[in-house]
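# Close look at the chain arrangement
Each chain, letter by letter, is given below.
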Amino acid sequence: MECRRLMIIETNYDAECFPKYANDLHNCPSRSSEQTWLQVSTIALQTIYTVECCLRACVEQRHYVWNTWNQIDLWTAIFGWIGLGMSSMNLNVLRTTIRVLRLLRVGRLVISVPELYILLSGLTTSFKPILFGSIMLVSVILVWSIIVVELIHPLNSQTTFDNCPRCSNGFKSVYSAALTLFSQIVAGDSWGSISIPLAEERWWVGALLFVILMTISLGVMNLILAVIVEKAAEARENDQERKTKLQDEERQKEMLASGLFGQAL
């Protein structure tokens, strides 16, 4: 938890360098690498993590490297020292990546709480549906963007919009149309600014926009949500099976121990 707080503080300090020192980050006085107390605290925590890894390696010996969490802790400590060594360099992307990797240690805390473990398991199981669902969503939006550029842009470019400078160019290209559809349907923003005036001009525009809304919102997005919920439910069922298996193993051990104790008597 302390490591996460320090990372938040580091990020806030680095953000204060913009926009004044955007082109000269090395001379920014508020940069995280210039905060002595922050560097000392980070080094102290890194030392504790490194000592912990060494002690665990001494105890577990050859079994140490086969434990997944031991590997995560070891690489987190290594990346942490690399990040400290790069704190004086202007390699923001790489430093940020290493900083985020240090959050992997929080996973040990997450799995210790059953409810958080179930949520994390459901989230990791849903990654694949989310990825392919996003690809499907983008593909559908691009197809509709091509259609609306061909059909709606000629009318849209001649329509006057009050207090909306972008509206007349909302469908001037496939990229602009995709941004407009995503903003209106997926993000739920500014539907009335451009769609309602166009629908009032031509009835068929309202019908077309209605079909687009039904296809993307009620069709693709709800389908993606249904698959994600199904995968999360499967993860919960698998977790329940794992718990049942562990309980059976504990029961067998207790029965075996009771049998040996009875024979000893």
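All of these numbers come straight from a predicted model, not from anything done at the bench.

Cut-off values and rules
Residues numbered from 1 in each chain as written. Predicted model: local features only at pLDDT ≥ 70, side-chain atom pairs only at ≥ 80, totals over all residues. Heavy atoms only, no water. Axes fitted to C-alpha atoms, helices over the stretch in contact; angles between N-to-C directions. Helix = DSSP H or I, 4+ residues; strand = E, 2+ residues; numbered from the N terminus. Parallel < 35°, antiparallel > 145°, perpendicular 65-115°, else oblique. Contact = heavy atoms within 4.5 Å. Nonpolar A, V, L, I, M, F, W, Y, C, P; charged D, E, K, R; others polar. Buried < 20%, exposed > 50% of the residue type's maximum accessible area, 1.4 Å probe, protein only. Polar contact = N/O pair within 3.5 Å; in protein donor to acceptor, adjacent residues only side chain to side chain. Patch = residues over 30% accessible without salt bridge, like charges linked within 9 Å, V, L, I, M, F, W, Y side chains within 5 Å. Areas by Shrake-Rupley, 256 points an atom, 1.4 Å probe, with all protein chains shown as cover. Salt bridge = Lys/Arg side-chain N within 4 Å of Asp/Glu carboxyl O. UniProt positions renumbered as here; feature names shortened; annotations may be inferred. Expected span 1.5 Å × (residues − 1). Core = buried A, V, L, I, M, F, W, Y, C linked by side-chain atoms within 4.5 Å.

For the pair helix H8 (residues 174-186) and helix H9 (residues 191-201), interaxial distance at closest approach is 10 Å and the crossing angle is 105 degrees. Relative to H9, the element H8 lies roughly perpendicular. Residue-level contacts link Thr180, Gln184 and Ile185 of H8 to Trp191, Ile194 and Ser195 of H9. Partitioning the contact of H8 with H9 into residue classes produces 3 nonpolar, 3 polar and no charged.

Of note, Thr50 is situated in helix H2 (residues 36-60). Taking the relative accessible area as the measure of exposure, Thr50 reaches 25% and is therefore partly exposed. For the pair Thr50 and Ala77, spaced 27 residues apart in sequence, the C-alpha separation works out to 6.0 Å. If we ignore the near neighbours within four places in the chain, the residues touching Thr50 are Ala77 and Trp81. Here Gln46 takes part through its backbone oxygen, which lies 2.7 Å from a polar atom of the side chain of Thr50.

Take the side chain of Asn156 next. Of note, Asn156 is situated in helix H7 (residues 153-156). Asn156 gets classed as buried once you look at its relative accessible area, which sits at 0%. Within the structure, Asn156 has its side chain in polar contact with the backbone oxygen of Cys167 (distance 3.0 Å).

This part takes up a nonpolar patch on the surface. The grouping of Leu74, Trp75, Ile78 and Ile82 at the surface amounts to a nonpolar patch, some 340 Å² of accessible area in total. Looking at the secondary structure, you find Leu74 in helix H3 (residues 68-85). Residue class for Leu74 comes out partly exposed when judged on its relative accessible area of 34%.

Let us now look at the UniProt feature "transmembrane region" (unreviewed entry) in the protein chain. Within this numbering scheme, the UniProt entry marks residues 74-94, 106-124, 130-152, 173-191 and 203-229 as carrying the feature "transmembrane region" (unreviewed entry). The span residues 130-152 is 96% helix and 0% strand, and its two end C-alpha atoms sit 31 Å from each other. Note that residues 173-191 is 74% helix and 0% strand, and that its end C-alpha atoms are spaced 18 Å apart.

Working note: α-helix, 3.6 residues per turn, so residues spaced by three or four point in the same direction. Across its 25 residues, H2 extends 36 Å between first and last C-alpha, which sits within 8% of the 36 Å expected from 1.5 Å per residue. For H2, every residue scored as buried is listed here: Leu38, Gln39, Thr42, Leu45, Gln46, Tyr49, Cys53 and Arg56. Looking one or two residues beyond H2, the residue adopting positive phi is Gln61, at roughly 55 degrees.

Quick look at the nonpolar core now. Core analysis: the biggest nonpolar cluster contains 25 residues, and Trp144, Ile152, Phe171, Leu181, Leu198, Ile212 and Ile216 have the highest contact counts within it. Those elements giving two or more residues to this core turn out to be helix H6 (114-151), H8, H9 and helix H10 (203-264). The element best represented in this core is H10, accounting for 7 residues. Those residues in contact with Phe171, other than ones at most four positions away along the chain, are Val148, Val149, Ile152, His153, Asn156, Ala177, Thr180, Leu181, Ile194 and Leu198.

What follows is about the pattern of salt bridges. Per the stated rule, a full pass over the model turns up 2 salt bridges. Glu52 serves as the salt-bridge partner of Arg56, at 2.5 Å between the closest nitrogen and oxygen. Of this pair, Arg56 and Glu52 both sit in helix H2, 4 residues apart, which is roughly one turn of that helix. Classification of Arg56 by relative accessible area gives buried; the value is 16%.

Further remarks concern H8. The terminal C-alpha atoms of H8, which comprises 13 residues, lie 17 Å apart, in line with the 18 Å expected from a rise of 1.5 Å per residue. Two residues or fewer past H8, Gly188 is found with a positive phi of approximately 65 degrees.

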